[in-house]
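Summary of the model geometry
Read off the chains here:
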Amino acid sequence: MKDQDPVDVLMVGAGEYTAGFVQTSFGAAADKPAGVVALTCFDLRRLGKVKRMVLCDRCGMRMPAVRATMEAKIGKAYCGLDLTIDCFPEDDVPDDPSAAIRAIGSMKPGDVAIIFTPDDTHFSIASAAIAAGLHVLVAKPIVKNLQEHAELVALAKKHNVLLAVEYHKRFDPIYSDARNRARQLGPFSYYYSYMAQPKQQLDTFRAWAGKSSDINYYLNSYHINNRQLIDHLFDHLFDFLFDHVVDRLFDCAGRVAEAKLERPCEDTITLSCQWANRDGSSTGTAVYTASWIAPKGECHTRQHFHYMGQKGEVHADQAHRGYNTATDEAGYAALNPLYMRYTPDANGYFAGQTGYGYISIAAFIEAAAALNSGARSVAYYEQEGVLALASKTLAVTAILQAGRLSLDNSGAAVDILYDDDGQPREVRLAGSSSSSGGGIN
C-alpha cells in the first residue's frame, strides 16, 4: 500500500463519548471515563496517523472545562500525547448554532469529520461536511428517517467520500465470532437482544432524551445492525435472507424517565420485527429491547443477544467477560477491556489500541488516509464490508423509523418495503398507501 499522509480530524460534539466531559454529579460513564474519540485521535497523532485536531461544540464557554477535563483524564494519565487542539466557537461564546459550519470551513477536502451530537443535528452537520469533501463518521443512529439517510448516501457518492456509522460493536471479537457462527446455523428463526443503562445516564442525556430522540434509536440501533450483519452483508452466500419486515413497538408503562426529566419520555422500548423469507418458505422473529432506567450495577451497560437458526443457536453476553475486580472505592465491577483499555502500560503509555472502541475510530481514519493516497477506493470499502458504510445500513434506519412510527400510532404494525436491489425504499403503516417521515420532532 502507498505511503499515507496523516489526516486532519474535526470532532463535532464535546461531550462524554468524545472527550469524557459530563456536567453531572455522576460524571462520565464507568466504561468510558476518559471518552473515546479524542483519546483515540490523540494516540493516532502519536503514531503519525493524525495531524491537526479540531474540536467543535455549540457552547464555547464550556470549552475551557472540556480542555481541562481532557488534560486531567488524558494528558496527565498517559505519556507522549500532544493535546494541542483548535476549538470552535471561541471561549466567550455562550451559544453558536453555526459553530459546526465554521469549523468545517477550517478543514480541507480529504480530512475526517467525526460527529457525536444529538440525533436531530446529524443530517445538517453531515451534509455540510460531505459537501466540503470530508470523510464523515457519524454516531448511531446516523439519522432518524430513511429519506435523510438516502440523501446522505447520494451526497457522499457525489463527492466520492466515505460516510459511515460508528457501530463499534462490529469490532468486538466475541460479537464478531458469534455473528460468523450464526451464519452457519441455517435459516433464521429467532433473535432477541437486550441493552440497558442505569437511570443516572438520563442526567447526561437530559438535553435531548425524549425530545430529539429516544432509547430505541440510542441503544437498539446497535443490535439491529448486529442482526442485519448476520445476513444482509452476506446475501451472496445465503438464500434465506428476508425482504419484508412488520414492526410493532411497545413502551414500558412506567414513567421513571418522565418523572426524572419532567417531560414525556419512554423508559423502556421493545421492538418486534417479523422477517419473511424471500422465497416464502419461512419467517423469523426478532425482538430488541432497550432501556435507560436500569439500577446501577457491576457494569455500566447490560447487553446481550441470542440468535437461533434452524440448525442451532448462539448467545453472546457483552456485559460479562469473566473478568472482575473489587476495590474499596468502586466495589465490585465486571470489566470489559476488549472495548477500551484505560490503564496505562508499564511505561505510562496508552495501551488500548486493540479495544474495539478504539479500532472503530482508527479503522475509519486509516481508510480515509488510504482513499486520500489513492491506495483504496470507496468501492473497495463497500465490498470489504468492515466499516458500517451508510450505503449498507439503510435497513437499520428503516427499522428504527418504523419503530417510532409504530409507537406514535399505539403499537400499530408498520411495513418496510424494499426495492429490487434489496434496499428499503419506504416505511409506512401496515395497510396504508402513504409513507411517513417518522421520528420525534
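Residues numbered from 1 in each chain as written. Predicted model: local features only at pLDDT ≥ 70, side-chain atom pairs only at ≥ 80, totals over all residues. Heavy atoms only, no water.

1. Brief notes about the environment of G60
You can see G60 is positioned in the loop between β2 (50-56) and α3 (63-75). When near neighbours in sequence (up to four residues on either side) are disregarded, G60 contacts P89, E90, D91 and V93. (Helix = DSSP H or I, 4+ residues; strand = E, 2+ residues; numbered from the N terminus. Contact = heavy atoms within 4.5 Å.)

2. Regarding unusual backbone geometry
For the peptide bond that leads from F88 to P89, omega is -5 degrees, which places it in the cis range. For P89, the location among the structural elements is in the loop between β3 (86-88) and α4 (99-105). At the junction of K140 and P141, the peptide bond is cis and its omega measures out at -10 degrees in the coordinates. Along the polypeptide, P141 turns up in the loop between β5 (135-139) and α6 (146-159). Of note, the phi angle at N160 is positive, near 55 degrees, even though the residue is not glycine. By the secondary structure assignment, N160 is in the loop between α6 and β6 (163-166). Although it is not a glycine, S410 sits at a positive phi angle of roughly 60 degrees. Inspection of the secondary structure assignment puts S410 in the loop between α13 (394-407) and β15 (414-418).

3. Looking at the sheet that holds β3
Sheet strands pair via backbone hydrogen bonds, and the direction of the pair is either parallel or antiparallel. Pairing is parallel across the open sheet formed by six strands, whose spatial order is β3-β2-β1-β4-β5-β6. Looking at which strands have only one partner, the edges of the open sheet turn out to be β3 and β6. Averaged over all adjacent pairs, the angle separating strand axes in this sheet is 20 degrees, with direction ignored. Inspection of the sheet shows strand β1 (residues 7-12) paired to strand β4 (residues 112-115) by four bridges, in the parallel sense. Looking at the pairing, M11 lines up with I114 of β4. (Pairing = 2+ DSSP bridges. Axes fitted to C-alpha atoms, helices over the stretch in contact; angles between N-to-C directions.)

4. Quick word on empty space enclosed by the protein
Across all of its chains, the model carries one cavity of 30 Å³ or more by this definition. Taken as a whole, the largest cavity encloses approximately 50 Å³ of empty space. Lining the largest cavity, in full, are L137, A164, V165, E166, Y167, F171, S360, F364, L387 and A388. Put simply, the parts of the chain that give the lining of the largest cavity at least two residues each are β6 and α11 (356-373). Considering each element in turn, the lining of the largest cavity owes the most residues, three residues, to β6. Residues belonging to the lining of the largest cavity are distributed by class as follows: eight nonpolar, one polar and one charged. (1 Å grid on protein atoms, 1.4 Å probe; cavity = no way out; pocket = protein on both sides within 12 Å on 5 of 7 lines; lining within 4 Å. Points joined across faces, edges and corners; volume = space filled by probe spheres on them. Nonpolar A, V, L, I, M, F, W, Y, C, P; charged D, E, K, R; others polar.)

5. Quick look at the pairing of β4
Residues V112 and I114 line one face of β4 and the alternating positions A113 and I115 line the opposite face, and both faces are buried. Across four bridges, β4 lies against β5 in parallel orientation. Within the sheet, the bridge partner assigned to V112 lies in β5 and is H135. Once the chain exits β4 it traverses helix α5 (residues 122-131) before rejoining the sheet at β5, and the crossover so formed is right-handed. (Buried < 20%, exposed > 50% of the residue type's maximum accessible area, 1.4 Å probe, protein only. Right-handed = clockwise from strand over helix to strand, strands pointing away.)

6. Notes on the confidence of the model for the protein
Taken as a whole, the protein shows an average pLDDT of 90; of its residues, 91% reach a score of 70 or greater. Counting interchain partners and residues more than four positions distant, the pLDDT-below-50 stretch residues 232-245 has 47 contacts. (pLDDT = per-residue confidence, 0-100.)

7. Comments concerning the packing of α6 against α13
Geometry of a packed helix pair, given as the angle between the helix axes and the separation of the axes. Remark: α6 packs on α13, axes separated minimally by 9 Å, with the N-to-C direction vectors making an angle of 160 degrees. Comparing their axes, α13 and α6 come out roughly antiparallel. Pair α6 / α13 crosses with right-handed handedness. Contacts from L146, H149 and A150 in α6 reach L394, T397, A398 and Q401 in α13. For the contact of α6 with α13, the class distribution of residues is four nonpolar, three polar and no charged. (Parallel < 35°, antiparallel > 145°, perpendicular 65-115°, else oblique. Left-handed = near helix turned anticlockwise from the far one by under 90°.)

8. Details of the pairing of β1
Within β1, six of the six residues are buried, which leaves it mostly tucked inside the rest of the structure. For β1 and β2, the ladder comprises five bridges, and the chain directions are parallel. Paired with M11 across the two strands is L55, which belongs to β2.

9. Observations concerning the side chain of S360
Within the element layout of this structure, S360 appears in helix α11. Side-chain polar atoms of S360 contact the side chain of E166, separated by 2.6 Å. Contact partners of S360, with chain neighbours within four places excluded, come to L137, E166, Y167, H168 and F171. (Polar contact = N/O pair within 3.5 Å; in protein donor to acceptor, adjacent residues only side chain to side chain.)

10. Considering the pattern of salt bridges
Per the counting criterion, the structure on display carries 23 salt bridges. Where D86 meets R52, a salt bridge forms, and the shortest distance between an N and an O atom there is 2.8 Å. A residue pair is termed long-range when its members are at least 10 positions apart, and D86 in strand β3 and R52 in strand β2 qualify at 34 residues. In this structure D86 comes out as partly exposed when scored by relative accessible area, which is 33%. Here R52 falls in the partly exposed class, since its relative accessible area comes to 25%. (Salt bridge = Lys/Arg side-chain N within 4 Å of Asp/Glu carboxyl O.)

11. Thoughts on α6
Its 14 residues give α6 an end-to-end C-alpha distance of 20 Å, which sits within 8% of 20 Å, the value for a rise of 1.5 Å per residue. Buried within α6 are the following residues: L146, H149, L152 and A156. Taken down its axis, α6 places every buried residue within 125 degrees of arc, on the same side. Facing away from the buried side of α6 by more than 90 degrees, the exposed set consists of Q147 and K158. The secondary structure elements touched by the buried residues of α6 are α5, β6, α13 and β16 (424-429). Structurally, the start of α6 carries an N-cap: the backbone nitrogen of Q147 is 3.2 Å from a side-chain oxygen of N145. N160 lies just past α6 and shows a positive phi near 55 degrees. (Expected span 1.5 Å × (residues − 1). Arc of directions from axis to C-beta.)

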